[in-house]
Amino acid sequence: MRERDVAADPDGAEAVGIRSTPTIIVRREDGTEVFRSPGVPSRDQLLVAVAKAL
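Conventions we followed
- Residues numbered from 1 in each chain as written.
- Predicted model: local features only at pLDDT ≥ 70, side-chain atom pairs only at ≥ 80, totals over all residues.
- Heavy atoms only, no water.
- 1 Å grid on protein atoms, 1.4 Å probe; cavity = no way out; pocket = protein on both sides within 12 Å on 5 of 7 lines; lining within 4 Å.
- Points joined across faces, edges and corners; volume = space filled by probe spheres on them.
- Helix = DSSP H or I, 4+ residues; strand = E, 2+ residues; numbered from the N terminus.
- Nonpolar A, V, L, I, M, F, W, Y, C, P; charged D, E, K, R; others polar.
- Salt bridge = Lys/Arg side-chain N within 4 Å of Asp/Glu carboxyl O.
- Buried < 20%, exposed > 50% of the residue type's maximum accessible area, 1.4 Å probe, protein only.

*Asks:* Just checking my understanding: could you explain the layout of surface pockets for this structure?
*Replies:* Space left empty within the atom packing is revealed by a probe, the size of a water molecule, rolled over the atoms. Within this model, the largest pocket holds a volume of roughly 620 Å³. Surrounding the largest pocket, 18 residues form its lining, Arg2, Glu3, Thr23, Ile24 and Ile25 being those nearest its centre. Breaking the lining of the largest pocket down by element, the ones donating at least two residues are strand 1 (23-27) and helix 2 (43-53). Class assignment of the residues belonging to the lining of the largest pocket gives a composition of 10 nonpolar, three polar and five charged.

Set out below in structure tokens:
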């Protein structure tokens, strides 16, 4: 898990496409993005995203 402080590092946030907070991004171990949610995802959305990442 990695948390970004978009106020302290706006260029880093922009580099990964974060345009609003919160933004949840789930990636596989190889870095492939499998889920992105600008805003708070539902529990079910998060569970599906984690399953895709495994």
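*Asks:* In this structure, what is going on with the pattern of salt bridges? I would like to understand it.
*Replies:* This model, assessed by the stated rule, comprises two salt bridges. As a salt-bridge pair, Arg36 and Glu33 come within 2.8 Å of each other at their nearest N and O atoms. Classification of Arg36 as partly exposed rests on a relative accessible area of 30%. Of the charged contacts, one joins Arg43 and Asp44 as a salt bridge, the two residues approaching to 3.5 Å between their closest N and O atoms. Among the residues examined, Arg43 registers a relative accessible area of 60% and is labelled exposed.

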